[in-house]
Every structure is written in structure tokens, then in C-alpha cells.
Amino acid sequence: MSTPDSPRPPWDGRRIVLGVTGGIAAYKSIHLARRLTRLGAEVDVVLTRAAERFVTPLTFEGVTGRAVLTDLFSVEGAARHILLGREADAVCVAPATADFLARAAQGRADDLLTTTLLVARAPVLLCPAMNDRMWAHPQVQANADHCRAALGYELLGPDTGPLAVGEADGPGRLVEPDVVVDHLGRLLSPAGPLDGVPLLVTSGPTREALDPVRYLGNRSSGRMGFALAEAAWRRGARVTVVSGPTNRPEPTGVEVVRLESAREMAREVEARIGQVRVAIFAAAVADYRPALEPTSNKRKRDGNDWTVEFVQNPDIAATAIPGLADGGVAVGFALETEDLVDHAREKLRRKGFDLVVANPANEEGAGFEAPTNRVTLVTEGEAEALPTLPKEEVAERILDRVEGLLEARAHADSAADS
Ligand code: CTP
């Protein structure tokens, strides 16, 4: 992540109980506690006795700024498990050992963490981590299944990868803490109008090849599109991103279709548009491509100038939007150097968008390569200028509007039916 985390929805101000049990992966939970705290959550860490052999309460107190609890049989502990459990917005156990899964499955109350689990009514996320042979044992699998199916806990992982000891050809590794943060974000997001909605995002730059090594591209990083995709997934949408080349980390929970050229992107969008209800066109599509198909050999320096003729690429949004399912919502972007709102509204009408996210080009803190953006949300009737915000937060504001539009459509439909 290239910008430091700052408090933002859905983590900001939320109470998270982070249980840490006794496995070598416990050290990764320090990063997890730190990130959740930086995202604004109040993180109450509960360590089991075995966890204290691997990590210390002091470390967690250092990163969360809050007291760490370990003992049920202390004056503090006895009262706190009730409070912790009642006040939690989410409970996460990472790593969850085989022993902890067994105790959770049985509903045991033999330490502060299991007792808190019994009191809590908030969503629970368990992140198992253990030796791969232990995870494969039928009793461990039965305990995990029981936690999932009968108790309604969400299980995340384990991943396959290097383990402390073991062949590591099967799953056993703790899911990366940043992915745990993402899943907690999803559990903390209330189900709203995007829940279950199929949603498509175009993202990143496109590349128009001249020969096997050269292309015409642009400076889009793909950050805005990926932030939108991930935020939509957190709100329950079923998300596909059609993405040009980018080296940004892939958004969690999202299908990513990778491609290069505008024509490839147009084909992918065309094939999918009929099945989606929300389409967000965040890609910086090359408007032109070289008129000649790329040569199969690299062009050599031959002492002559090289003149390239360009032809127009398809307008992906304008072509796709008429194919959007009935009651669907289309969102576009407009990068402008002048008359921001007027030009954005012209694009809204010309291409059939319901909302255009307009941003000024060549401005500090906005545009392609910046981690922040200063946008104006333009609809037919109004233009709302937002302050400069991290792109992740801009994504939340855009999705608030998308949810508003979906709700308005639903009301209009039910009024028409009655
Ligand atoms: N867009 C698209 N396909 C294109 C060009 C643009 O889908 N070939 C989409 C973008 O993803 C964006 C919106 O259309 O959501 C506006 O893009 P922009 O480049 O600002 O619009 P243009 O129509 O290219 O207008 P201009 O470059 O002349 O400002």
C-alpha cells in the first residue's frame, strides 16, 4: 500500500475483538492489529495462554494503544468478557489453531477468548493456521465444518504456501493479514442495495501495440478502478474487473480479467454487459490506436523517421450502456482540463451515464498517478464537489451514490407496479 492507512469506513470507529491463539503465525497478527487500528477500529486483543508463548501483550498494546486481555480469572477479565462480547462489531480469530477450532466447535468456555465468543452476537471470522497434515485431519475438518455450517462463523483460509515445518503442499498457512482486513471490512459493511448485485468495473490503462516491444499507453495506475471493485465487493456486490496492465495488488474477492488493448476490453465488456446491473467505466481507454496491425518483428532503426497514423478506437462505454440490464446504473469518469461540470454533463448525455465522476487533470493531489483525487459527482440535475480524498474513500462516496440510484430505481419500479 503506497499511502498510509487513515481512518475510513467501514472500519472507522468499530469495535473489533481480535483473538490470537498459539501458533507460529501469531506474529502476523501484530500487523493485522496495527492495520485495523490505523483504519480507525478499536481493537481489543485477547491472547490465549498458548499465544503468549509466541507474542507478548506488550507488543499488541503498543500497536493498538489499548489494554490486552489474557486471563478470564482476573477481576478485570471476568467482567470484560461479557462487555467485549456484547460491544463487538466483529470477532476475528487469527491464527485459529486446531485446538481452538475444537474448543469453538464444542462451545467450550474455558478461557477468555472462547467465553467472549459465546457472548458475542456479531459476525465471527476464523482464520485457521496449522501444519498442513493437521488441517487435513478429518476431525479438524469436521470441527471447521461445524463452525461454518452450524454456528455461522466465516472461515477464511488456510492458504497454501511455506509453513514453519511441513511439506507445505497442502493448505495450512495463515491468510495474509491484509486479506483478513479486507474480509473484516466486508463483515462490518451493512447489507445494502448492492448486496448480491452483479457489477462490472473497467480499470487501468490500455496499451496499443506498435510492434512486439513498443506500445502507446497512458499514466493510469488502475488504483481508482481497483478501489471501486474492492469497495463494491465489501458491500456484497458480485464484482468483475476488466483491467488493462497494472502492477497494483489485485482487489480481494473480485474476478479480475486482464487484457491489453481497447479492442480486447471492448470485447470483454460487450460479452458481460447483459448480465450486470451496475457498470462503472473507470478505465483510461486509448482513444486512438496505430492504423496498422502491430508488426511481428521489432522495428529496427533504419535511418528514416517513423510516421504512425492513428485510427479511432471503439467507445466502450457508449457502445455497452444500451445493453445494460433494465434498471441498471452506468457510471463514467471524465478527466478534464477546463469547464469541468459542463464537459462532464455533456459526456453523461452523449454516452448514457447516470453519474459522471469528473476530475481536473494536471492538478496536485488529483488524477492518474496520485493516491488521492478531487472529484465532482455530476448527474443530470446536480454537481457535488468533494474535497481531496484518498481514492479508496472516493470509491465509497461513488458507491453511496450508486446505491442511491439503485434504490430510486427500485422505488420507481414498485410505484409503477402498484
Ligand atoms: N471511455 C470508454 N471508451 C473509450 C473512451 C472512453 O469507455 N474509448 C469511457 C471512460 O472509461 C470514461 C468515459 O468514457 O468513463 C469518459 O472518458 P474520456 O476519455 O474522458 O472521454 P472521451 O469520450 O474520450 O472524451 P475526450 O477524451 O474527448 O475528453
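Described in the following lines is the structure provided in the data block. (Residues numbered from 1 in each chain as written. Predicted model: local features only at pLDDT ≥ 70, side-chain atom pairs only at ≥ 80, totals over all residues. Heavy atoms only, no water.)

Time to look at the sheet that holds strand β13 (residues 278-281). Strand order in the open sheet formed by 8 strands is β12-β11-β8-β13-β16-β17-β19-β20, with mixed pairing between adjacent strands. Taken across any chain shown, the strands that pair with only one partner, and hence form the sheet edges, are β12 (255-258) and β20 (383-385). When strand polarity is set aside, the average angle formed by the axes of neighbouring strands in this sheet is 15°. Note that strand β19 (residues 376-378) and β20 share 3 bridges and pair antiparallel. The partner of L377 across the bridge, within β20, is E384. The sheet contacts of helix α10 (residues 262-272) involve β8 (198-203), β11 (238-243), β12 and β13, and relative to β8 the element is tilted by about 170°. (Pairing = 2+ DSSP bridges. Helix = DSSP H or I, 4+ residues; strand = E, 2+ residues; numbered from the N terminus. Axes fitted to C-alpha atoms, helices over the stretch in contact; angles between N-to-C directions. Contact = heavy atoms within 4.5 Å.)

In a beta sheet, neighbouring strands are held together by backbone hydrogen bonds and run either parallel or antiparallel to one another. In space, the 5 strands of this open sheet follow the order β2-β1-β3-β4-β5, with parallel pairing throughout. Either end of the sheet is taken by a strand with one partner, and the two such strands are β2 (42-47) and β5 (154-155). Here strand β3 (residues 90-96) runs beside strand β4 (residues 124-128); their pairing, made up of 4 bridges, is parallel. Paired with V93 across the two strands is L126, which belongs to β4. Against the sheet, helix α4 (residues 98-106) engages β3 and β4, with an angle of about 140° to β3.

The next subject is the environment of G161. Within the secondary structure layout, G161 lies in the loop between β6 (159-160) and β7 (171-173). Linking G161 and G40, residues 121 residues apart in sequence, is a C-alpha distance of 31 Å.

A word on the nonpolar core. By size, the foremost hydrophobic cluster in this structure holds 34 residues, and its most contacted members are L194, L199, V239, V278, I398 and V402. Broken down by element, this core gets its largest block of residues, 8 residues, from helix α9 (residues 223-234). For V402, the contacting residues outside a window of four places in its chain are L194, V278, V329 and V331. Judged by nonpolar contacts, the second largest core, of 32 residues, contains L39, V68, V181 and L187. (Core = buried A, V, L, I, M, F, W, Y, C linked by side-chain atoms within 4.5 Å. Buried < 20%, exposed > 50% of the residue type's maximum accessible area, 1.4 Å probe, protein only.)

All right, on to the environment of G13 then. If you trace the backbone, G13 turns up in the segment before β1 (15-20). With residues up to four places along the chain from it excluded, the contact list for G13 reads G40 and A41.

It is worth spelling out the pairing of β13 at this point. The two faces of the sheet receive side chains in turn, since in a regular strand these alternate between them. Burial along β13 is two-sided: V278 and I280 facing one way and A279 and F281 facing the other are all buried. Relative to strand β16 (residues 329-336), β13 runs parallel, the two sharing 4 bridges. From the neighbouring strand, A279 faces β16, where its bridge partner is A330.

For the coordinates displayed, the defined rule picks out 35 salt bridges. Salt-bridge contacts for D44 lead to R66; the nearest nitrogen and oxygen are separated by 3.1 Å. With D44 in strand β2 and R66 in the loop between α2 (57-64) and α3 (75-87), this pair connects stretches of sequence that are 22 residues apart. A relative accessible area of 2% means that D44 is categorised as buried. Using a relative accessible area of 24% as the deciding quantity, one classes R66 as partly exposed. Notably, a salt bridge pairs E382 with R401, separated by 3.8 Å at the nearest N-O pair. Here R401 lies in helix α13 (residues 391-417) and E382 lies in the loop between β19 and β20, a separation of 19 residues in the sequence. With relative accessibility at 44%, the residue E382 sits in the partly exposed group. Shared partners join several salt bridges into a network, and the residues in it are E230, R234, R235, E396, D400 and E403. (Salt bridge = Lys/Arg side-chain N within 4 Å of Asp/Glu carboxyl O.)

So, about the packing of α9 against α13. Where α9 contacts α13, the two axes come as close as 8 Å, and the packing angle between them is 55°. Between α9 and α13, the angle falls in the class oblique. Regarding α9 and α13, the two cross each other, and that crossing is right-handed. Contacts between α9 and α13 involve R223, M224, A227, L228, A231, A232 and R234 on the former and, on the latter, K391, E392, V394, A395, E396, I398 and L399. Residue composition of the contact of α9 with α13, by class: 9 nonpolar, no polar and 5 charged. (Parallel < 35°, antiparallel > 145°, perpendicular 65-115°, else oblique. Left-handed = near helix turned anticlockwise from the far one by under 90°. Nonpolar A, V, L, I, M, F, W, Y, C, P; charged D, E, K, R; others polar.)

Our focus in this paragraph is the site of the ligand. Near the ligand, the surroundings consist of 16 residues, among which F281, A283, A317, K347 and K351 are the closest. Measuring from an oxygen atom of the ligand, one finds a backbone N or O atom of F281 at 2.7 Å. One of the side-chain nitrogen or oxygen atoms of K347 is found 2.7 Å away from an oxygen atom of the ligand. Look at the ligand: alone it shows 570 Å² of surface, and the protein chains cover 76% of it. Most atoms of the ligand, that is more than half of them, are within 2 Å of grid points of the largest pocket. Listing elements by their share of the shell around the ligand, those giving two or more residues are α11 (316-320), β16 and α12 (340-351). (Near = heavy atom within 4 Å. Polar contact = N/O pair within 3.5 Å; in protein donor to acceptor, adjacent residues only side chain to side chain. Areas by Shrake-Rupley, 256 points an atom, 1.4 Å probe, with all protein chains shown as cover. 1 Å grid on protein atoms, 1.4 Å probe; cavity = no way out; pocket = protein on both sides within 12 Å on 5 of 7 lines; lining within 4 Å. Sits in = over half its atoms within 2 Å of the grid points.)

Volume-wise, the largest pocket comes out at about 990 Å³. Taken together, 40 residues make up the lining of the largest pocket; nearest its centre are A283, A284, V285, D287 and F333. Of all the secondary structure elements, the ones that give two or more residues to the lining of the largest pocket are β8, α9, α11, β16 and α12. Residues that form the lining of the largest pocket fall into these classes: 18 nonpolar, 15 polar and 7 charged. (Points joined across faces, edges and corners; volume = space filled by probe spheres on them.)

Functional significance is not addressed by these values, which are geometric in nature.
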